[in-house]
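Chain by chain, the residues run as shown.
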Amino acid sequence: MIPDTYLPIIFAGLMALSVIVYAILDGYDLGVGILLPLDNDQHSDKMIASIGPFWDANETWLVLAVGLLLIAFPSAHNVILKELYIPSAIMLVGLILRGVAFDFRAKVAQTDKHRWNQVFKAGSIIASASQGYMLGCFVMGFESSSYAIAFSLLSALGVTCAYALIGSGWLILKTTEDLQLRAIAWAKLTGKISFIGILAVCIVNPLINPLVYERWISAPFIYFAAIIPIASFALLLAGHFILKRLPFEGDKGCWLPFFITLFLFVLCFSGLAFSFYPYVVPGQLTIFEAASAPESLRFILYGAVFVLPFILAYTMFSYRVFWGKTKDLNYY
Amino acid sequence: MLDVFMLSRMQFAANISFHILFPTITIALGWFLFYFKLRFNLSGHPVWMRIYRFWVKVFALTFALGVVSGITMSFQFGTNWPGFMEKVGNIAGPLLGYEVLTAFFLEATFLGIMLFGFNRVPNWVHTTATLLVSVGTTLSAFWILVLNSWMQTPVGFELRDGVVHATDWMAIIFNPSFPYRFVHVLLASGLTAAFLIAGISAYRLLRGDNKQAPFLALKTAVYVAATLIPLQIIAGDLHGLNTFEHQPAKVAAMEGVWETKKGVPLLLFAIPDEENRTNHFEIAIPKLASLILTHELDGEIKGLNDFEGEHPPVGAVFYSFRIMLGVGMLMLLTAWFVSAKLLRKQTLQKNILWGLVGMTFSGWIATLAGWYVTEIGRQPYLVSGVLKTSEAVTDIAPGNVLFSLILYLSVYGVLLIAYLRTLFLMARRAVEIEEIQPAERKTQKNSPFYSMAHHSINNREVNP
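It should be emphasised that the depicted structure is a prediction, and the values quoted were computed from it without experimental measurement.

With that settled, consider the interface of chain B and chain A. Interface size is often expressed as the accessible area that is lost when the parts come together. Listed per partner, the contact involves 80 residues of chain B and 70 residues of chain A. Where chain B abuts chain A, roughly 6900 Å² becomes buried across the two surfaces, and 73% of that area is made up of carbon and sulfur atoms. The interface formed by chain B and chain A holds two salt bridges in total. B:Asp395 is paired through a salt bridge with A:Lys82; the nearest N and O atoms lie 2.8 Å apart. On inspection of chain B and its partner chain A, the count reaches 13 residue pairs in polar contact (both at pLDDT 80 or more). Of all elements in the fold, only α3 (46-80), α4 (82-116), α5 (123-152), β2 (163-166), α6 (169-173) and α15 (398-432) of chain B reach the threshold of two or more residues within the side of chain B that touches chain A. It is α4(B) that provides the largest number of residues to the side of chain B that touches chain A, a total of 24 residues. Residues that form the side of chain B that touches chain A fall into these classes: 48 nonpolar, 22 polar and ten charged.

This paragraph deals with empty space enclosed by the protein. Scanning the entire structure with this criterion turns up five cavities of 30 Å³ or more. Empty space within the largest cavity amounts to approximately 80 Å³. Along the walls of the largest cavity sit 13 residues, with A:Gly52, A:Trp55, A:Asp56, B:Leu111 and B:Leu115 positioned nearest its centre. Of all the secondary structure elements, the ones that give two or more residues to the lining of the largest cavity are α3 (55-72) and α5 (85-107) of chain A together with α3 and α4 of chain B. Here the lining of the largest cavity gets five residues from one element, more than from any other, and that element is α4(B). Here the residues of the lining of the largest cavity sort into nine nonpolar, two polar and two charged. The calculated volume of the second largest cavity comes to roughly 60 Å³. Listed by contribution, the elements that provide at least two residues to the lining of the second largest cavity are α1 (7-35), α3 and α13 (294-321) of chain A. Per-class residue counts for the lining of the second largest cavity are eight nonpolar, one polar and no charged.

Under the 1.5 Å per step criterion, the end-to-end length of α3(B) is 50 Å for 35 residues, consistent within 8% with the ideal 51 Å. In terms of burial, α3(B) is largely enclosed, as 33 of its 35 residues are buried.

Calculation rules
Residues numbered from 1 in each chain as written. Chains lettered and ligands numbered in written order. Predicted model: local features only at pLDDT ≥ 70, side-chain atom pairs only at ≥ 80, totals over all residues. Heavy atoms only, no water. Contact = heavy atoms within 4.5 Å. Buried area = accessible area lost by both parts, 1.4 Å probe. Salt bridge = Lys/Arg side-chain N within 4 Å of Asp/Glu carboxyl O. Polar contact = N/O pair within 3.5 Å; in protein donor to acceptor, adjacent residues only side chain to side chain. Helix = DSSP H or I, 4+ residues; strand = E, 2+ residues; numbered from the N terminus. Nonpolar A, V, L, I, M, F, W, Y, C, P; charged D, E, K, R; others polar. 1 Å grid on protein atoms, 1.4 Å probe; cavity = no way out; pocket = protein on both sides within 12 Å on 5 of 7 lines; lining within 4 Å. Points joined across faces, edges and corners; volume = space filled by probe spheres on them. Expected span 1.5 Å × (residues − 1). Buried < 20%, exposed > 50% of the residue type's maximum accessible area, 1.4 Å probe, protein only.

Here you go:
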């Protein structure tokens, strides 16, 4: 039997897990959408084929993350979504547009296909930028000062760029020849912007956010606070040198950019998570105050513990089925 | 100016109405696909794979629309109805959680294999993926209808400090109205998908598609519809009796009964007047409502006046109920009439095909009308007897809700048109595909287990 006091921590952990899995998985397919070239039909077909079998399940992690917030911390869910009413509506429209564009573009006449490609790209950018904007608002504790808005806009740019980076990593892994070269160029560019973005957040965040500042300079967080940026920049540097030399002989190491970005995501996210723990709404509400009734949390926890291994297993199975370089998608 | 309450209700209604159109197709279409795949596996006849291939594309498109409009739904609770989660979150939360965990991931993951994996996995894995997608969509319907039915007939809980706490999960899941609603909705989905398949196939035939596939699909769909519709009428009747027992105010609105009395007539038509609490222009069959609901000619039905201030808006429930019944009757006539024709000879005249095209989306109309009966019929409560809708609404500025409502409505409008146009475009394109060649039919020789041996080695490339 799990003691009641541990339940909020377990659910905060599960929620953090689904947010980071979402950011990585939907991150790469949103990134592919952001990068979609409108000038080369073959490239855009190939790029969309590379995410075709996955995007649906990737997006489900968002539903799980929001669902866990709703289930485990309903009052926080209410506060957060009330504050983020407009950006979340815009994000949803972005997700709707790209989700349906993916299917429509494959089924309509050639002339309309180009238009649905544009919708797919626009939807991906809208969804990514609004997620970044919402992250910025969250970090700033939903302030409405002009500083906070500027920071949120910076965050919108940063997240869009980070998704594009992991998207290019995915494409380097899944494609060949000229599209792969193009993806390497995209990765170089978005890698540089991400470097500036992470640097800016590291400097700006403690300066304008007293809560974070106090946390960052107090033990034991100071150790994390030191390790996370150093490790991040080391990864970015390694990525930079690898990208310069890619593609290697026999396409060795084509997986490196994707996994380097993946670790970068994990590092940045854990930095954020440790900055705010145990708050679920920064400065307002902790996970202990916002948690649902223990009997309800237990009921869903048992289910989650039973089902999650299956989800992970068949997710891995699906990636194994579509292993290797992307081929054209054929509906069957 | 509309207040935030009305705007939020309109937004929720718009979202759920748009969303339900797509799951109501995919829940049953998945099982249709599984059936087509099984027929192919058993006979090895390529025509079944032709049918599968066409309808799996329709499934993919419909599923995508269902997913994206469903994500919107999951945000609505927090953005517009915070009082709902505050009051009943301890029950609604876990039920929604189980839907995500047991259904969403399952269907979304195996959808990839079902759509794009045919040449990459052994045939039996592809068949299993089709089965698991159908199981996923059905499980999803299971959990969401558990929650919806619990909101209609809440049991298994206690109130502590004004907040609902679960006391008996089995009672919550199998609450009194759940079994009836679940069966009713699944059958509705079966009928919706059947009329969609019949309608689109009829359209292909009318466009000169004389291949085997559309005719066989049409025949399958019409026979399924003819079988399901009487079952649906029985299920609907039992559901009505259950509602009569647990939510008498809803039934009173459905039947347009103002005063409690015995031997109540069945109103075929009327214009309910809520202001004067009476009906105009009644066309009625004496004592029939009492007979249907109580199985006695002189059975008593409680009238709306016994629930004044606590009953739903009468007009909306009354008309929606009649629209649902009317479309249901039309479905019965169409399905039986066309089945009778098909049993006698293997062709259909043009006007019958046009009739089926006209009925393509009859399932949507009946489903929406039925959904309005049950949802509007629960008003003014969000959770019967526990939480009023007006107590749950957000307090954000009405302008924000108006903005999001207009945004959603315009997106939904465009998408609905695009969806319908694409469906018929896909049908027209399918007309141009060549008929199955004799060479393709060689596969049949190895049936029934041809397909298990075939494709057993996948042609996956090795990752460097």
